[in-house]
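Close look at the chain arrangement
Here is how the chains run, residue by residue.
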Amino acid sequence: MKRFQFVAILVLLLLLVAPAWGTPSAEQRYESAQDFLDSFDLKAGSVDLPNGVAMLEVPETFRYIGPEDSRRFLEEGWGNPDGSGQIGMLLPTDTDLFTSSGWAVVISYEEDGYVSDKDACQIDYDELLASMQASAREGNDARTEQGYEPVTIVGWAASPYYDSEAKKLYWAKELRFGDNPQHTLNYNVRILGRKGVLVLNAVADMEQLPLVEDGMEQVIGFTNFKEGHRYSDFDPGVDKVAAYGLAALIGGKVAAKVGLLAKLGGVLVVFKKFIIIGFLAVAGFFSKIFKRRKVGPVA
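This section reports on the structure supplied with the text.

Definitions and limits used
- Residues numbered from 1 in each chain as written.
- Predicted model: local features only at pLDDT ≥ 70, side-chain atom pairs only at ≥ 80, totals over all residues.
- Heavy atoms only, no water.
- Phe/Tyr/Trp six-rings, centres within 6.5 Å; stacked < 30°, edge-to-face > 60°.
- Buried < 20%, exposed > 50% of the residue type's maximum accessible area, 1.4 Å probe, protein only.
- Helix = DSSP H or I, 4+ residues; strand = E, 2+ residues; numbered from the N terminus.
- Pairing = 2+ DSSP bridges.
- Axes fitted to C-alpha atoms, helices over the stretch in contact; angles between N-to-C directions.
- Salt bridge = Lys/Arg side-chain N within 4 Å of Asp/Glu carboxyl O.
- Expected span 1.5 Å × (residues − 1).
- Arc of directions from axis to C-beta.
- Contact = heavy atoms within 4.5 Å.

1. Some points on the packing of aromatic side chains
Summed over all chains, the structure comprises 11 aromatic pairs. Seen in terms of ring centroids, Phe73 and Trp78 are 5.0 Å apart; in terms of plane orientation they differ by 65°. Their pairing is edge-to-face. Relative accessible area serves as the criterion here: at 0%, Phe73 is assigned to the buried category. A relative accessible area of 1% places Trp78 in the buried class. Ring geometry for Tyr114 versus Phe234: centroids 3.7 Å apart, planes at 20°, classification stacked. Here the residue Tyr114 occupies a position in the loop between β5 (104–110) and α5 (125–138), and Phe234 occupies one in the loop between β10 (223–225) and α8 (246–251), the gap between them amounting to 120 residues. The class of Tyr114 is buried, set by a relative accessible area of 16%. An aromatic cluster is built from Phe36, Phe40, Phe73, Trp78 and Phe98, whose rings are joined through pairwise contacts.

This is the structure in C-alpha cells:
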C-alpha cells in the first residue's frame, strides 16, 4: 500500500512539472534583463507598421519591437498568458521596464471603418465617465469568474481631448484592481484613419503619470497614418463607415456594439502586469531573472 502511495505521489509530481519541461522559462534562457532585451529586434527612426497603413518616426527615447517580439515581451517579460494580437510595442529607453515603475506602449489596429467625429463637440465627459464606471461595476462578476480581479474606474487621470486637425484622441483613466492600494494608470491614444483606428495604450502606475504624459506626447507626435490611409483620404462612395463614434471609443461601448467583447480579456491581461511583478518581487524570483539594469541606447 505504501508503495502504491509513493508511485501515485511521484506520478502527480511529474504531471505538475511536465509543462515546464516543454517551455523553458525566461530564467532558463536569459541571465539578465539586458540579455532579454538584446534578443529583440529593437528599431528606431522610420518604422513602417506591419499593417502597412501607418508609420512611426521613433526618436532616441523609444525603441519599437514588432508583433512577435511584442508577444514575447508581454508573455516572457511581463508574465501575461497571451500577448498576441498586437502590431508592435514602444519601449522607453530611460525606464526600468521590469519593475513596478516600468511602462511601455502597446500598439494595435482596429479596422472597423471610418469613425465619424461629428459628435466631438457634443460629448459630456462627466456623463460618459459615470456610464463607464457603472459598466465596470456590472462587468465585475464576469471578470471574477474568468480569474481577474474586479476593476474600479476611479476617474479621469487626464480628461479626454480631441485634436480635430490631427484627428487624434487621447485620455487617461485611473483604475483600481481589487483592493490594491496602488492604482493603475491607463493612458489611451486613438488616431483616426481612413478605414480604422490606430490604438496605442500605455499601462503604468499612477505615480508615473507625469512621465507617461511626457512620453505619450512624443508618441502622439511621431505616429501617423501614411498617405492614402489618412482620415482625409476617406471616400464615402467606397469606404465603410464604423458603427460608432468618438464617445464609443472612449467609453468602451464599442465592445458591446460591434462584438469586440472577446478582446476585453486581452486588455485586462496587460493591466495584470503590476500584480504579477509584485508577486515575483515578494518571492525573490523576479530579481534573479532580471537584474534591473536600465535599457541603454541601441545601435
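And the narrative resumes.
2. Notes on the sheet that holds strand β6 (residues 151–163)
Strand order across the open sheet formed by 7 strands is β3-β4-β5-β9-β8-β7-β6, with antiparallel pairing between neighbours. Edge positions in the open sheet fall to β3 (62–65) and β6, since each of these has one partner strand only. Geometrically, the sheet is characterised by an average inter-axis angle of 20° between neighbouring strands, direction not taken into account. As defined by bridge partners, strand β8 (residues 184–192) adjoins strand β9 (residues 197–205) across 9 bridges and the pair is classed as antiparallel. Bridging across to β9, Asn188 finds its partner in Asn201.

3. A look at the pattern of salt bridges
Applying the stated rule across the entire model yields 9 salt bridges. A salt bridge links Asp41 to Lys43, with the shortest nitrogen-to-oxygen separation between them at 3.9 Å. By relative accessible area, Lys43 is classed as partly exposed at 36%. For Glu75, the salt bridge goes to Arg71, with nearest N and O atoms at 2.7 Å. With Glu75 and Arg71 both in helix α4 (residues 67–77) and 4 residues apart, this pair spans about one turn of that helix.

4. Thoughts on the sheet that holds β10
With antiparallel pairing, 3 strands are arranged side by side in an open sheet as β1-β2-β10. Either end of the sheet is taken by a strand with one partner, and the two such strands are β1 (45–48) and β10. Across this sheet, the average inter-strand angle for adjacent strands is 25°, counted without regard to direction. Across 3 bridges, the pairing between strand β2 (residues 54–58) and β10 is antiparallel.

5. Describing α4
Burial in α4 covers these residues: Asp69, Ser70, Arg72, Phe73, Leu74, Glu76 and Gly77. Positive backbone phi, approximately 75°, marks Gly79, located one or two places after α4.

6. Looking at the pairing of β8
A regular strand places its side chains so that they alternate between the two faces of the sheet. Counting buried positions along β8 gives 9 out of 9 residues, so the element sits mostly inside the fold. Burial along β8 is two-sided: Thr184, Asn186, Asn188, Arg190 and Leu192 and Leu185, Tyr187, Val189 and Ile191, pointing in opposite directions, are all buried. Sheet topology note: the strand β7 (residues 168–177)/β8 ladder contains 8 bridges and is antiparallel. Along β8, the bridge assignment pairs Ala172 with Tyr187.

7. Observations regarding the pairing of β7
For β7, the tally of buried residues reaches 8 of 10 residues, placing the bulk of the element in the interior. Two strands pair when backbone bridges link them, and β6 and β7 are joined in this way by 9 bridges, in the antiparallel orientation. The residue bridging Tyr162 from the neighbouring strand is Leu169, located in β7. The hairpin turn running from β6 into β7, its antiparallel successor, is 4 residues long, and Lys167 in that turn takes a positive phi close to 60°. Between β7 and β8, which pair antiparallel in sequence order, lie 6 residues; one of them, Gly178, sits at a positive phi of approximately 60°.

8. Considering α5
With 14 residues, α5 ought to run about 20 Å at 1.5 Å a step, and its terminal C-alpha atoms sit 20 Å apart, in line with that. Where α5 is concerned, the buried positions are Leu128, Leu129, Met132 and Ala136. The buried residues of α5 occupy an angular sector of 100° when projected down its axis, which confines them to one face. Every exposed residue of α5 that faces more than 90 degrees away from the buried side is listed here: Asp126, Glu127, Arg137 and Glu138. Those residues of α5 that are buried are in contact with α6 (140–145), β6, β7 and α8.

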